[in-house]
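# Coordinate analysis (summary)
The primary structure of each chain is shown beneath.
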Amino acid sequence: MSEEFTITFREEHRQVRDGLMDLSDAFAARDGARAGELLGTIAALTGPHFRYEEETLYPSLVQIFGADYVDSLIDDHDGAIASARRLVELAGSDLDDAAVAEAQGLVRGILPHVSDCDGLSIMVERLSPAEVDAIFAKRAETLDEGLDLLTWDDTVRKRPALAG
Ligand SMILES: [Fe+2]
Ligand SMILES: [Fe+2]
């Protein structure tokens, strides 16, 4: 069960990684239309992904890491969401040197969370089968609802309370 999780989780991060790297290339090529399209793809992937992480996976890791570290993962999500909003603006702007440099800096700022988050699967191996089941069930639910990152953030997202 946790092996299936590791494989699924890795594949999701791989898609986000590739989307972000292609996005950086699109900005470098000053192709705002392509950048906008990639931002849409990335938002569609990360909406459900961040959501099941925040609603089920991350809270279940508090017993291992404590609340402070898990909070920092959610801080990473806050940063990624803010960056995504700015990247949408930049994609629609005049792509001068400063805009390209800013966009590439924002993409670089998101990338470490992709690899940090993927590493969490080593800890998921220590969760109970029922906890891993609950993560898969939440994942299915969030994919079914299919809210993209910014829509989710604008509507249902509440920062989880982890402590206590
Ligand atoms: Fe993740
Ligand atoms: Fe995450």
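Placed above this text is the structure.
The notes below deal with the structure included here. Just so it is clear, the model here is predicted, and its values are computed rather than measured.

### Brief notes about the coordination of the iron ion (ligand 1)
- Protein coordination at the iron ion (ligand 1): the donors are His13 (NE2), His49 (NE2), Glu53 (OE) and Cys117 (SG), at 1.9 to 2.3 Å from the metal.
- Around the iron ion (ligand 1), the four donor atoms sit at angles spanning 76 to 158 degrees, and that spread fits a shape best called irregular.
- A spacing of 3.3 Å is found between the iron ion (ligand 1) and the iron ion (ligand 2), which share Glu53 as a donor. In this pair, His13 sits in helix α1 (residues 2-28) while His49 sits in helix α2 (residues 32-65), placing the two residues 36 residues apart along the sequence. By the burial criterion, His13 is buried, and His49 matches it.

### A look at the nonpolar core
- Counting 29 residues, the largest nonpolar core has Leu20, Leu23, Phe27, Leu87 and Leu149 as its most contacted members.
- For this core, the element with the highest residue contribution is helix α4 (residues 97-119), accounting for seven residues.
- Dropping the residues within four chain positions of it, Leu87 is found in contact with Leu23, Phe27, Leu39, Ala103, Leu106, Val107 and Ile110.

### As for the coordination of the iron ion (ligand 2)
- Of the protein atoms, only Glu53 (OE), Tyr58 (OH), His77 (NE2) and His113 (NE2) coordinate the iron ion (ligand 2), at distances of 2.1 to 2.2 Å.
- For the iron ion (ligand 2), the four donor atoms in the first shell make angles of 85 to 178 degrees at the metal, so the coordination geometry reads as irregular.
- All donors of the iron ion (ligand 2) come from a single chain, and their spacing in sequence reads E-x4-Y-x18-H-x35-H.

### Here's the deal with the environment of Arg17
- You can see Arg17 is positioned in helix α1.
- Judged by its relative accessible area of 35%, Arg17 falls in the partly exposed class.
- Once the C-alpha coordinates of Arg17 and Arg51 are considered, the two residues, 34 residues apart in sequence, prove to be 18 Å apart.
- Within the structure, the side chain of Arg17 is placed 3.0 Å from the side chain of Asp18, a separation counted as a polar contact.

### Examining the pattern of salt bridges
- Enumeration over the complete set of coordinates arrives at 17 salt bridges.
- With its nearest N and O atoms 2.6 Å apart, the salt bridge here joins Asp118 to Arg10. Of the two residues, Asp118 is situated in helix α4 and Arg10 in helix α1; the sequence distance between them amounts to 108 residues.
- Accessibility expressed as a relative area gives 8% for Asp118, which makes it buried.
- By relative accessible area, which is 43% here, Arg10 ends up partly exposed.
- One salt bridge connects Glu12 with Arg139, and the closest N-O pair in it is separated by 2.5 Å. With Glu12 in helix α1 and Arg139 in helix α6 (residues 129-145), this residue pair connects regions lying 127 residues apart in the sequence.
- Connected via shared salt-bridge partners are Glu54, Asp78, Arg85, Asp153, Asp154 and Arg157.

### A closer look at helix α3 (residues 67-91)
- Compared with the 36 Å implied by 1.5 Å per residue over 25 residues, the 36 Å span of α3 between its first and last C-alpha is a close match.
- Along α3, the residues that are buried comprise Ala67, Val70, Leu73, Ile74, His77, Ala80, Ile81, Ser83, Ala84, Leu87, Leu90 and Ala91.
- Looking at the buried side of α3, the elements it contacts are α1, α2, α4 and α7 (149-154).

### A look at the side chain of Ser2
- Relative to the helices and strands, Ser2 resides in helix α1.
- By relative accessible area, which is 18% here, Ser2 ends up buried.
- Beyond its immediate sequence surroundings of up to four residues, Ser2 is in contact with Val124, Glu125 and Val132.

### Brief notes about α2
- Compared with the 50 Å implied by 1.5 Å per residue over 34 residues, the 40 Å span of α2 between its first and last C-alpha is markedly short.
- The largest bend in α2 is about 50 degrees, located at Glu54.
- With its phi angle positive at about 85 degrees, Gly66 sits one or two positions after the end of α2.

Rules used in this analysis
Residues numbered from 1 in each chain as written. Chains lettered and ligands numbered in written order. Predicted model: local features only at pLDDT ≥ 70, side-chain atom pairs only at ≥ 80, totals over all residues. Heavy atoms only, no water. Donors = N, O, S within 2.8 Å, 3.2 Å for Na, K, Ca; no water. Tetrahedral: all angles 85-135°; square planar, octahedral: opposite > 155°, others 65-115°. Helix = DSSP H or I, 4+ residues; strand = E, 2+ residues; numbered from the N terminus. Buried < 20%, exposed > 50% of the residue type's maximum accessible area, 1.4 Å probe, protein only. Core = buried A, V, L, I, M, F, W, Y, C linked by side-chain atoms within 4.5 Å. Contact = heavy atoms within 4.5 Å. Polar contact = N/O pair within 3.5 Å; in protein donor to acceptor, adjacent residues only side chain to side chain. Salt bridge = Lys/Arg side-chain N within 4 Å of Asp/Glu carboxyl O. Expected span 1.5 Å × (residues − 1). Bend = angle between axes of the 7 residues up to and from the residue.

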